[in-house]
Amino acid sequence: MATVELTFTALPAHVRTARLVATAIARRTGVAEAILDEVRLAVGEACSRAVEAHRLHCPGEPVRIELRDDAGRFEVTVTDAAPGDDVMPQVLEANGSLMPEIDNLGIAVIAGLADDVEVLPGPKGMRIRMSWPASANGVAAF
Amino acid sequence: MDLKLDHHSEDNLTIVDVEGEIDVYTAPRLRELLIDLVNKGNFHLLVNMEKVDFLDSTGLGVLVGGLKRVRAHDGSLELVCTQERILKIFRITGLTKVFGIYASVEEAKEAHGRDK
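Conventions and cut-offs
Residues numbered from 1 in each chain as written. Chains lettered and ligands numbered in written order. Predicted model: local features only at pLDDT ≥ 70, side-chain atom pairs only at ≥ 80, totals over all residues. Heavy atoms only, no water. UniProt positions renumbered as here; feature names shortened; annotations may be inferred. Helix = DSSP H or I, 4+ residues; strand = E, 2+ residues; numbered from the N terminus. Contact = heavy atoms within 4.5 Å. Buried area = accessible area lost by both parts, 1.4 Å probe. Salt bridge = Lys/Arg side-chain N within 4 Å of Asp/Glu carboxyl O. Nonpolar A, V, L, I, M, F, W, Y, C, P; charged D, E, K, R; others polar. Core = buried A, V, L, I, M, F, W, Y, C linked by side-chain atoms within 4.5 Å. Buried < 20%, exposed > 50% of the residue type's maximum accessible area, 1.4 Å probe, protein only. 1 Å grid on protein atoms, 1.4 Å probe; cavity = no way out; pocket = protein on both sides within 12 Å on 5 of 7 lines; lining within 4 Å. Points joined across faces, edges and corners; volume = space filled by probe spheres on them. Phe/Tyr/Trp six-rings, centres within 6.5 Å; stacked < 30°, edge-to-face > 60°. Expected span 1.5 Å × (residues − 1). Pairing = 2+ DSSP bridges. Axes fitted to C-alpha atoms, helices over the stretch in contact; angles between N-to-C directions.

With numbering matched to this structure, UniProt assigns "domain: STAS" (unreviewed entry) to residues 3–112 of chain B. From the first C-alpha to the last, residues 3–112 of chain B spans 27 Å; its make-up is 41% helix and 33% strand.

Written as structure tokens, this is what we have:
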């Protein structure tokens with residue numbers, strides 16, 4: 001069972017909330033302060049990608065994030081419900097077209113930040129699972 | 001923290017001061033400012049990121065988009081950044097080779113003056 005499960009409406013404004021929750025849980029799970037910034041950024045990238053996927057394909061469906069303390073690892077899973085794997089955080093041009101120069105940057109950043117990453121098909125869309133080392137008994141145990 | 005944007009011109013250089021978080025929610029505001037500056041003929045931009053708390057790939061995309069626009073006018077878009085947490089994302093993505101990154105506004109202005 002996940003330590004914390006969070007679902008949120010697929011709006012860009014909520015990605016910051018997800019980042020803050022993930023950072024707080026990571027700290028309590030015992031992730032070293034030095035890598036909390038990496039957790040924050042990687043979770044933000046995964047959630048941004050999921051939000052953009054939902055906005056394109058299923059804006060009414062919530063994005064799901066699970067944060068888990070798993071035997072000395074802090075594990076985060078971001079699950080979207082959008083079909084297709086062609087979505088990444090994008091910025092629209094003034095005329096509404098997508099800027100082409102940043103394809104797949106978000107996934108590249110996640111891969112560079114988390115030392116264990118899996119991108120898997122989810123029940124409906126995609127699931128990104130990432131993990132980092134945490135202390136065996138975490139700050140929350142004190 | 002939300003995003004605060006300001007800008008002013010010194011000689012031939014437009015300095016854009018950015019403060020706060022640049023992410024999928026706030027990046028469109030930075031993009032609009034950069035587009036507006038270029039549309040008004042400001043082709044040499046220096047983005048001061050010393051007060052940026054957070055930058056993700058959406059923000060990187062906006063900066064790359066800005067760079068493309070100024071280069072179309074033989075301009076430049078360079079950055080001021082010394083924060084390791086921000087520099088790291090430029091390194092991961094290889095964008096340290098694309099952007100001129102300086103330690104201070106003064107250093108960037110000197111380099112810009114030499115290049116003129």
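Additional details are given in the paragraphs that follow.
Moving on, we come to the interface of chain B and chain A. Each side of the interface is counted separately: chain B has 24 residues, and chain A has 27 residues. Around 2100 Å² of area is buried between chain B and chain A when both sides are counted, 60% of it from carbon and sulfur atoms. Looking at the side of chain B facing chain A, the largest losses of area belong to Val24(B), Phe54(B) and Ser57(B), adding up to 25% of the total buried there. One can count 6 salt bridges joining chain B with chain A. A salt bridge links Asp23(B) to Arg19(A), with the shortest nitrogen-to-oxygen separation between them at 2.9 Å. Of all the elements, helix H2 (residues 57–71) of chain B adds the most residues to the side of chain B that touches chain A, at 9 residues. Classifying every residue of the side of chain B that touches chain A by side-chain character gives 10 nonpolar, 5 polar and 9 charged.

Generally speaking, nonpolar side chains in soluble globular proteins are found buried as a group. Phe74(A), Met130(A), Met49(B) and Phe90(B) are the most contacted members of the largest nonpolar core, which totals 66 residues. The dominant element in this core, judged by the number of residues it contributes, is helix H2 (residues 36–57) of chain A, at 9 residues. When near neighbours in sequence (up to four residues on either side) are disregarded, Met49(B) contacts Ile22(B), Leu55(B), Leu63(B), Leu79(B), Val80(B), Cys81(B), Gln83(B), Ile86(B) and Phe90(B). Counting 8 residues, the second-largest nonpolar core is a separate cluster that includes Ile15(B), Leu46(B), Ala108(B) and Ala111(B).

Another point: the layout of surface pockets. If you add up the space inside the second largest pocket, you get close to 190 Å³. If you trace the second largest pocket, you find 14 residues lining it, with Asp37(A), Glu38(A), Leu41(A), Arg85(B) and Ile86(B) closest to the centre. Sorting the residues of the lining of the second largest pocket by element identifies H2 of chain A together with strand S3 (44–55) and helix H3 (84–92) of chain B as the ones contributing at least two each. Residues that form the lining of the second largest pocket fall into these classes: 7 nonpolar, no polar and 7 charged.

Time to look at the packing of aromatic side chains. If you walk through the whole model with that rule in mind, you get 2 aromatic pairs over all chains. Each ring, one from Phe90(B) and one from Phe99(B), has its centre 5.9 Å from the other, and the planes form 85 degrees; the classification is edge-to-face.

Here we come to helix H1 (residues 12–29) of chain A. The terminal C-alpha atoms of H1(A), which comprises 18 residues, lie 26 Å apart, in line with the 26 Å expected from a rise of 1.5 Å per residue. Looking at the residues trailing H1(A), positive phi occurs at Gly30(A), about 100 degrees.

Turning our attention to the sheet that holds strand S2 (residues 63–70) of chain A. Strand pairs in the sheet, formed through backbone hydrogen bonds, run parallel or antiparallel to each other. Residue and element names in this part refer to chain A. The 5 strands are arranged S1-S2-S3-S5-S4 in an open sheet whose pairing can be described as antiparallel. The sheet is open, and its two edges are formed by strand S1 (4–8) and strand S4 (116–121), each paired on a single side. In this sheet, neighbouring strand axes are inclined to one another by 15 degrees on average, regardless of whether the strands run parallel or antiparallel. Across 7 bridges, S2 lies against strand S3 (residues 73–79) in antiparallel orientation. Counted as the bridge partner of Ile65 is Val78 from S3. Against the sheet, helix H3 (residues 105–113) engages S4 and strand S5 (126–133), with an angle of about 25 degrees to S5.

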